[in-house]
Amino acid sequence: MHDLRGLHILIVEDEWVLAGDLAQFFSNMGAIVLGPVATVEQASRHTETAEAAILDVNLNGDRVFPIAEELMRRGVPFVFFSGDSDIAIPERLRYASNLRKSSGRQAVFNALFAQQASGQASSPEPSSPDDVFSLLPKLRLAARLLLGDVDASDRLVERTLERAIRDIDRRQLGQSTETWLNDIMREVAKARGAKLMH
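Keep in mind that what you see is a predicted model, and the values were worked out from it rather than measured.

**Q** Any chance you could break down helix H6 (residues 150–166) for me, citing the residues and the numbers?
**A** Over its 17 residues, H6 extends 25 Å from the first C-alpha to the last, a length consistent with the 24 Å expected when each residue adds 1.5 Å. Every buried residue of H6 is listed here: Ala152, Ser153, Leu156, Val157, Thr160 and Ala164. Down the axis of H6, the smallest arc covering the buried residues is 145 degrees, so these residues share one side. Exposed side of H6, more than 90 degrees from the buried face: Asp151, Ile165 and Arg166 are the residues found there.

Shown next as structure tokens:
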């Protein structure tokens, strides 16, 4: 069982059986579940506290995109979790994972946590010029899983980006930005993790 102790995870889902199942799944790992909530208005009350989120795209006809945009602004990782295949995700939010509800709880966990925690490469590297910006939510989550402290995690992301700028000439040819930054982050955490906690 993975340990997500103290991580505030927002669940926005209007199917109560599914919402309860997700809430139980993440609670069992120690996460603090915000919600579940079934409307955009209810979800907006939790965006300042959330450290990760599962977002149903279609909430009884309303779209969850304002919540996703607020989470993106704060650098909070999230995954879209939808039963509808015909809803277009806005271009600015396409970096987020988009799962069908038939995927199940473990797929949701993997989309939010597993690849960052294990350091495996995930989706292909974004092609936009601001791809590092689009990776910030994933980097923050990876740091949170490494150190378990919100403030220390943000300091770890800062040190990672500082070192990446300094060592840009050492990046391996063909290595994705995400893999490169995750490798740096693990090295910084190993070398300086204890200092970042204070």
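**Q** Please give an account of the pairing of strand S6 (residues 78–82) that cites residues and values.
**A** Burial analysis of S6 places five of its five residues in the buried class, which makes it a mostly covered element. Two elements, strand S3 (residues 52–55) and S6, share three bridges in a ladder whose sense is parallel. Paired with Leu55 across the strands is Phe80, a residue of S6. By the bridge criterion, four bridges tie S6 to strand S7 (residues 97–100) in an arrangement that is parallel. In the strand pairing of S7, Phe81 is matched with Leu99.

Rules and cut-offs
- Residues numbered from 1 in each chain as written.
- Predicted model: local features only at pLDDT ≥ 70, side-chain atom pairs only at ≥ 80, totals over all residues.
- Heavy atoms only, no water.
- Helix = DSSP H or I, 4+ residues; strand = E, 2+ residues; numbered from the N terminus.
- Expected span 1.5 Å × (residues − 1).
- Buried < 20%, exposed > 50% of the residue type's maximum accessible area, 1.4 Å probe, protein only.
- Arc of directions from axis to C-beta.
- Pairing = 2+ DSSP bridges.

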